[in-house]
Amino acid sequence: MSAPTTAPPVTAERTGRRIEEVLDRLAATGEGAAAAEELVRSLMDLYGTGLARVVELLDSAPGEPLAELLDDDLVASLLVLHDLHPEDRDTRIARALDGVRDHRLEVVGFEEHSGTLRLRARAGGGCGCGSAQDAARAAEAALAGLAPEVRAVDVETAPPGPTLLQIGAAPTGAR
């Protein structure tokens, strides 16, 4: 008897990559690529229609059941995939960046034509560890499921704050 294997959790990002790999493989071999793409489109239509109905029913239900679904990464990414997410792009971006705990990021702007989100790494109270590149990778991962409009992330570092005086040292030029 073999030990049970633990499958990685299902995520929209991982599943999307897997679908792309399969479609690329089918296209490369020329074996049924058009049929596979049609199958994927049909399944997407079916699930998208079902999800639209779920959102409609939950949105009209008493309480906040839709809000709870939007807090779930997998469900929220499915709603985005089917263009059913009720929040606008900027709200979804803010929601995604709230989940980036290791970096304090603020939105500077979004360039629609290039899909580039410009962020600023806010000064933190820590050691100053981590680079803009680390922050960009963390932001890209967080944004992948919630804001597919964002195709690139550019992180600038906030200018340094005022220099603090060292205790016991006189300011330059003071006597």
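Please refer to the structure placed before this passage.
Residues numbered from 1 in each chain as written. Predicted model: local features only at pLDDT ≥ 70, side-chain atom pairs only at ≥ 80, totals over all residues. Heavy atoms only, no water.

(A) The arrangement of the pattern of salt bridges in detail. All chains considered together, the criterion is met by 10 salt bridges. Here Arg53 makes a salt bridge to Glu56, at a shortest N to O gap of 2.6 Å. Within this pair, Arg53 and its partner Glu56 are both found in helix H2 (residues 33-59), separated by 3 residues, close to a single helical turn. One salt bridge connects Glu106 with Arg120, and the closest N-O pair in it is separated by 3.5 Å. With Glu106 in strand S1 (residues 105-111) and Arg120 in strand S2 (residues 116-121), the pair connects residues that are 14 residues apart, well separated along the chain. (Salt bridge = Lys/Arg side-chain N within 4 Å of Asp/Glu carboxyl O. Helix = DSSP H or I, 4+ residues; strand = E, 2+ residues; numbered from the N terminus.)

(B) Quick peek at the side chain of His85. Along the chain, His85 falls in the loop between helix H4 (73-81) and helix H5 (89-98). Polar side-chain contacts of His85 include one of 3.2 Å to the backbone nitrogen of Glu87. Residues contacting His85, with those up to four places away along its chain left out, are Leu70, Ala76, Leu79, Val80, Arg92 and Leu146. (Polar contact = N/O pair within 3.5 Å; in protein donor to acceptor, adjacent residues only side chain to side chain. Contact = heavy atoms within 4.5 Å.)

So, to be careful, I would describe these as geometric facts and stop short of saying anything about function.
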